[in-house]
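Spelled out, the chains give:
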Amino acid sequence: MSAELEARMGVPTAHRLGRRALSLGATNAIDYALQFLVPVVLVRFLDTAAFGQYRLLGLAVGTVMAVVTMAVPGSLYYFLPRSEGAAKRLYINQALVFLAAAGLIAAWAVSSWNPWLPEKMRGLAQHEAIVPVFVLLWVVASLLDLLPTVEERVMWQAKATVGLAALRAVALSLAAILTRELGPVLLVLLAFVAFKVALLLGYVAIHHGLRRPILRWSAFADQLRYAAPIGAAGALYGLRSQADQWVAAALFSVGTFASFSIATVLGPLVHLCRQSVFHTFLPSLSRLQAAGDIPGMLKLNTRAGVMVGAVVYPLLAFAFVFAEEIVTIIYTAAYVDAAPVMRVFIVGFAGLVVDLGSTMLVLRQGVFIMRVSLVTLALSVALSWFSAHAFGLPGAAVGSVTAIYVDYVVILRRLALFTGVPVRQLQDWRALGLLVLFAAFAAAIAWSIVDRYFAASGPLSRVIVGGTLVAAVYAAMAALAGIGRGWLAVVRNSERGS
């Protein structure tokens, strides 16, 4: 695709997209850090049973979000870049109406009125209306997490994300410190999400107006037809990624489940890194697909994958070799059982760097993804259940990790057949392989030196020295390979861009 055609279509340059991705990445890193602090505080002021219930609530919310939202918010990535004025407002209003209805269903699902509520969730159901109302508002408020990015208001999204994360972290931490009970923490969560809904409505009012058209059946049906297959596939994928946690919750005590849930802490970090890059690129991917420029779309997706891998791989390698120290420092030695589980998950998280979902999304391949996800969900549950019985807590993570790679192999073959592009050209496999090799080598060097010369030191000292060594060795190898020069060029050009 020529630069002139890109300009006419309103597709930002790669450098400008890189700048947006880096900005949103920094924002999401701050958001992750602030959210990361909350359980660090809670494990020190709540007992293991109460903290386990708090983590169960997070699991329940993640599950209902995966199931009931049906990718309707994500459909805005497809419809808004192709719409103007009242049409944009219509699609946003339809998303709000759908989320409100979905939130009501989710609220019932986590309430004591649900006769199929899992036994481990009964402890949360005793908090009367707090949990159901919180879930209802959380589903609606989730639209604020992507709407500004869809409309390419990256700075607005950044400010809102950081501000809300700081508010949530401070409020929940103070509630736990002052009361040492779960009930007040849940009340603060409810107040927080009510404020987030108000902020969402304020954003829509300012940029689009809270007025008609609210819903048009033909447009709504088209939006649902687009979103439903992707949503069903996403629901199956979400269930698959959380199935191991439900297996752990079913087979082990609430306190042991808390350790298992801690082991997944790197998942949100990988997700945020992916989200920062791919959500920034997705509107342009959509425009390129609409123009029929499939090679350009795939090339842009490849660039995004390498950007994510350059950041994620060294972090995962560092966490793999220093898992015990990290868990002890952050969550105390009471949760050190999470370390071997974390290593199993890291193997799976490494595969999540390559995001094929964005490409399949704009190619409207939701039905195929749904079929694949259904098979891998069954595979994941079966493997986690039998591995947990055979290998204990770490075995419960085997299913989801295996499913990640089965999913990628199948989707890569489908994408190659659909686009006519060979699998070897769908991603920059050489660059990704080098990044993995550099990260693994840097972590091995760091662990060897720390184990030899700092064996008697405390976990904090080992982590500091190890992290410094991983960063130094990885950066040196990346620079020698020329990766560093490429990143500097992107940064310099993005700073001049606009």
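Residues numbered from 1 in each chain as written. Predicted model: local features only at pLDDT ≥ 70, side-chain atom pairs only at ≥ 80, totals over all residues. Heavy atoms only, no water.

1. As for the overall build of the chain
Part 1 of the reasoning: Helices and strands together make up the secondary structure of the chain, namely 23 helices and 0 strands.
Part 2 of the reasoning: Relative to its 498 residues, the chain shows a buried fraction of 54%.
Part 3 of the reasoning: A fraction of 81% describes how many contacts in the chain between residues 6 or more apart in sequence connect residues 24 or more apart. (Helix = DSSP H or I, 4+ residues; strand = E, 2+ residues; numbered from the N terminus. Buried < 20%, exposed > 50% of the residue type's maximum accessible area, 1.4 Å probe, protein only. Contact = heavy atoms within 4.5 Å.)

2. Here we look at the side chain of Thr-264
Part 1 of the reasoning: Tracing the backbone shows Thr-264 in the loop between helix H12 (254-262) and helix H13 (266-290).
Part 2 of the reasoning: Overall, Thr-264 belongs to the buried group, its relative accessible area being 14%.

3. With respect to the nonpolar core
Part 1 of the reasoning: With 153 residues, the main nonpolar core has Tyr-54, Phe-134 and Leu-266 as its most contacted residues.
Part 2 of the reasoning: With 15 residues, helix H14 (residues 294-321) is the single largest residue contributor to this core. (Core = buried A, V, L, I, M, F, W, Y, C linked by side-chain atoms within 4.5 Å.)

4. Overview of helix H9 (residues 154-179)
Part 1 of the reasoning: Here H9 contains 26 residues, and its C-alpha end-to-end distance of 37 Å stays within 8% of the 38 Å for a straight helix at 1.5 Å per residue.
Part 2 of the reasoning: Remark: Arg-180 follows H9 within two positions and exhibits a positive phi of approximately 60°. (Expected span 1.5 Å × (residues − 1).)

5. Looking at unusual backbone geometry
Part 1 of the reasoning: Cis rather than trans, the peptide bond between Arg-212 and Pro-213 has omega equal to 5°.
Part 2 of the reasoning: Relative to the assigned elements, Pro-213 resides in the loop between helix H10 (182-207) and helix H11 (217-251).
Part 3 of the reasoning: Backbone geometry places Met-70, a non-glycine residue, at a positive phi of 55°.
Part 4 of the reasoning: Looking at where Met-70 falls in the secondary structure, it is placed in the loop between helix H3 (48-68) and helix H4 (72-79).

6. Some points on the pattern of salt bridges
Think of it this way: side chains of opposite charge can pair up when their charged atoms draw near.
Part 1 of the reasoning: Here the structure, examined in full by the defined rule, presents 6 salt bridges.
Part 2 of the reasoning: One salt bridge in this structure joins Glu-151 and Arg-153, with 2.8 Å as the shortest N-O distance.
Part 3 of the reasoning: Taking the shortest distance from any N to any O, the salt bridge between Glu-324 and Arg-343 comes out at 2.6 Å. One end of the pair, Glu-324, is in helix H15 (residues 323-331); the other, Arg-343, is in helix H16 (residues 338-351), and 19 residues separate them in sequence. (Salt bridge = Lys/Arg side-chain N within 4 Å of Asp/Glu carboxyl O.)

7. A short note on H16
Part 1 of the reasoning: Here H16 is 14 residues long and its end C-alpha atoms lie 21 Å apart, about the 20 Å a rise of 1.5 Å per residue gives.
Part 2 of the reasoning: The element H16 is largely enclosed, with a buried count of 10 among its 14 residues.
Part 3 of the reasoning: Within H16, the full set of buried residues consists of Ala-338, Ala-339, Val-341, Met-342, Arg-343, Phe-345, Ile-346, Gly-348, Phe-349 and Gly-351.

8. Remarks on the packing of helix H5 (residues 85-109) against H11
The packing of two helices is summarised by the inter-axis angle and the distance between the axes.
Part 1 of the reasoning: Interaxial distance between H5 and H11 falls to 10 Å at its minimum, and their mutual angle equals 70°. In terms of orientation, H5 lies roughly perpendicular with respect to H11. Handedness of the crossing formed by H5 with H11: right-handed. Here H5 contributes Leu-90, Tyr-91, Gln-94, Ala-95 and Phe-98 to the contact with H11, which in turn contributes Ala-219, Phe-220, Gln-223 and Leu-224.
Part 2 of the reasoning: Residues belonging to the contact of H5 with H11 are distributed by class as follows: 7 nonpolar, 2 polar and no charged. (Axes fitted to C-alpha atoms, helices over the stretch in contact; angles between N-to-C directions. Parallel < 35°, antiparallel > 145°, perpendicular 65-115°, else oblique. Left-handed = near helix turned anticlockwise from the far one by under 90°. Nonpolar A, V, L, I, M, F, W, Y, C, P; charged D, E, K, R; others polar.)

9. Notes on the packing of aromatic side chains
One pair of aromatic rings is described through two measures. These are the centre distance and the angle between the planes.
Part 1 of the reasoning: Counted under the stated rule, the structure contains 14 aromatic pairs.
Part 2 of the reasoning: For the ring pair Phe-36 and Tyr-331, a centre distance of 6.3 Å and an interplane angle of 65° mean the geometry is edge-to-face. Of this pair, Phe-36 sits in helix H2 (residues 14-45) while Tyr-331 sits in helix H15, and the two are 295 residues apart along the sequence. Each member of the pair Phe-36 and Tyr-331 is classed as buried.
Part 3 of the reasoning: Relative to Tyr-91, the ring of Phe-79 lies with its centre 4.6 Å away and its plane at 25°, an arrangement referred to as stacked. With Phe-79 in helix H4 and Tyr-91 in helix H5, this pair connects stretches of sequence that are 12 residues apart.
Part 4 of the reasoning: A connected cluster of aromatic rings, assembled from ring pairs, spans Tyr-78, Phe-79, Tyr-91 and Tyr-226.
Part 5 of the reasoning: Stacked on the ring of Trp-138, the Lys or Arg Lys-196 has its end atom at 5.2 Å from the ring centre.
Part 6 of the reasoning: We note Arg-343 situated over the ring of Phe-320; from NZ or CZ to the ring centre the distance is 5.8 Å. (Phe/Tyr/Trp six-rings, centres within 6.5 Å; stacked < 30°, edge-to-face > 60°. Lys NZ or Arg CZ within 6 Å of the ring centre and 35° of its normal.)

10. So, the environment of Ala-66
Part 1 of the reasoning: Structurally, the position occupied by Ala-66 is in helix H3.
Part 2 of the reasoning: Since its relative accessible area comes to 17%, Ala-66 is described here as buried.
Part 3 of the reasoning: Taking the C-alpha atoms as reference points, Ala-66 and Leu-236, 170 residues apart in sequence, are found 7.9 Å from one another.
Part 4 of the reasoning: The contact partners of Ala-66, leaving out residues within four places of it in the chain, are Gly-231, Gly-234, Ala-235 and Gly-238.

11. A look at the packing of H12 against H16
Part 1 of the reasoning: Taken N-terminus to C-terminus, the directions of H12 and H16 make an angle of 40°; their axes are 8 Å apart at the nearest point. Comparing the axis directions of H12 and H16 gives the class oblique. You can see that H12 and H16 cross each other, and the crossing is right-handed. Contact with H12, carried on its side by Ser-259, Phe-260 and Ile-262, involves Ala-338, Val-341, Met-342 and Phe-345 of H16 and no other residues of that element.
Part 2 of the reasoning: Broken down by class, the residue content of the contact of H12 with H16 amounts to 6 nonpolar, 1 polar and no charged.

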